[in-house]
Amino acid sequence: AGVPALLHLPLLLLTLGAWHRAVTLRSGPRLADFATTALALSPAVMLTTGTGLSEVTSLCCVAVAGLGLEWARGERPLAGAATAAFAVGFGMATRPQSLLPVGAVLVPVLAVTLLRRRAFVALATFLLVLAASAAAVGAYDAALSGSPLKLPWYLQCSIEHYGFGRVWKYDTFEHTPWTAL
């Protein structure tokens, strides 16, 4: 019964570690200490880490993708490209409505960064992992829900649904990739 929430504790540690390292690489250790403390004490983290919600996983994916971006900007372009692509891809499997806007910014920034560095192998790896992730998520969604853009848990009986589509059963608002941006 408590297993999903317990699994969020290692994810929180990974999130805070990736966040701290990314901010250290970008802005130095003093700001990283402050930023990591602020993130750890934020209401969003405090209120979702002890539950089985997908926010913890998506935040972890965002932090790891940010670390990948900083690695790609620095001395580890290939590792950074692969890390960022895996993080965005896995995040799209868990909470696409959060990772789509992040990816809309991160993907072009990282691609341009790698092009400017002439890190063509890293860029190819980045694009290949993103494409493979998108194909895997789409195939998984299609196999379980009948549509590559409909998350399997959208089919639950609850009145509230997650992902893209109609959020509330009796409301006309539809959450689309466009509205996520």
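Residues numbered from 1 in each chain as written. Predicted model: local features only at pLDDT ≥ 70, side-chain atom pairs only at ≥ 80, totals over all residues. Heavy atoms only, no water.

J.: Would you take a moment to explain the overall build of the protein for this structure?
T.: Per the secondary structure count, the protein includes eight helices and two strands. The N-to-C order of helical and strand elements in the protein reads α-α-α-α-α-α-α-β-β-α. Across the 181 residues in the protein, those meeting the buried criterion constitute 40%. Considering only residue pairs separated by 6 or more positions, the protein has 54% of its internal contacts joining residues 24 or more positions apart. Entry remark: accessible area of the protein is about 10200 Å², with carbon and sulfur atoms responsible for 71%. (Helix = DSSP H or I, 4+ residues; strand = E, 2+ residues; numbered from the N terminus. Buried < 20%, exposed > 50% of the residue type's maximum accessible area, 1.4 Å probe, protein only. Contact = heavy atoms within 4.5 Å. Areas by Shrake-Rupley, 256 points an atom, 1.4 Å probe, with all protein chains shown as cover.)

J.: Please explain the nonpolar core as it appears in this structure.
T.: Grouped burial of nonpolar side chains is what soluble globular proteins tend to show. Ala81, Leu106, Leu110, Leu114 and Phe126 are the most contacted members of the largest nonpolar core, which totals 25 residues. In terms of residue count, the dominant contributor to this core is helix α4 (residues 55-73) (eight residues). In contact with Leu114, other than residues within four places in its own chain, are Ala72, Pro77, Ala81, Ala119, Ala122, Leu123 and Phe126. (Core = buried A, V, L, I, M, F, W, Y, C linked by side-chain atoms within 4.5 Å.)

J.: What exactly am I supposed to notice about the pattern of salt bridges here?
T.: If charged atoms from side chains of opposite charge come close, those side chains can pair. The full count for this structure, using the stated rule, is three salt bridges. Across the pair Arg26 and Glu70 runs a salt bridge whose closest N-O atoms are separated by 3.9 Å. Taken together, the residues Arg26 in helix α1 (residues 3-27) and Glu70 in helix α4 connect sequence positions 44 residues apart. Between Arg95 and Glu55 there is a salt bridge, with its nearest N and O atoms 3.4 Å apart. Of the two residues, Arg95 sits in the loop between α5 (77-94) and α6 (96-117) while Glu55 sits in helix α4, which places them 40 residues apart along the sequence. (Salt bridge = Lys/Arg side-chain N within 4 Å of Asp/Glu carboxyl O.)

J.: Looking at this structure, how should I read the side chain of Glu70?
T.: For Glu70, a relative accessible area of 11% corresponds to the buried category. A polar side-chain atom of Glu70 sits 2.9 Å from a polar atom in the side chain of Arg73. The contacts of Glu70, once residues within four sequence positions are left out, are Ala22, Leu25 and Arg26. (Polar contact = N/O pair within 3.5 Å; in protein donor to acceptor, adjacent residues only side chain to side chain.)

J.: Would you mind showing me how to read the packing of α5 against helix α7 (residues 120-145) here?
T.: Each pair of packed helices gets described by two things: the angle between the helix axes and the distance between those axes. Two elements in contact, α5 and α7, have axes separated by 8 Å at closest approach and are oriented at 15 degrees. Judged by the angle between their axes, α5 and α7 are roughly parallel. Where α5 crosses over α7, the two elements pack in a sense that is right-handed. Here α5 contributes Pro77, Leu78, Ala81, Ala82, Ala84, Ala85, Phe86, Val88, Gly89, Met92 and Ala93 to the contact with α7, which in turn contributes Val121, Ala122, Thr125, Phe126, Val129, Leu130, Ser133 and Val137. Taken together, the residues that form the contact of α5 with α7 break down as 16 nonpolar, three polar and no charged. (Axes fitted to C-alpha atoms, helices over the stretch in contact; angles between N-to-C directions. Parallel < 35°, antiparallel > 145°, perpendicular 65-115°, else oblique. Left-handed = near helix turned anticlockwise from the far one by under 90°. Nonpolar A, V, L, I, M, F, W, Y, C, P; charged D, E, K, R; others polar.)

J.: I would appreciate a short explanation of α7 in the present structure.
T.: Residues three or four positions apart in an α-helix share a direction because the helix packs 3.6 residues into each turn. In this model, α7 (26 residues) spans 37 Å end to end at C-alpha, consistent with the 38 Å of a helix rising 1.5 Å per residue. Buried within α7 are the following residues: Ala122, Leu123, Phe126, Val129, Leu130, Ser133, Val137, Gly138, Asp141 and Ser145. For α7, the secondary structure elements touched by its buried residues are α5 and α6. Two residues or fewer past α7, Gly146 is found with a positive phi of approximately 90 degrees. (Expected span 1.5 Å × (residues − 1).)

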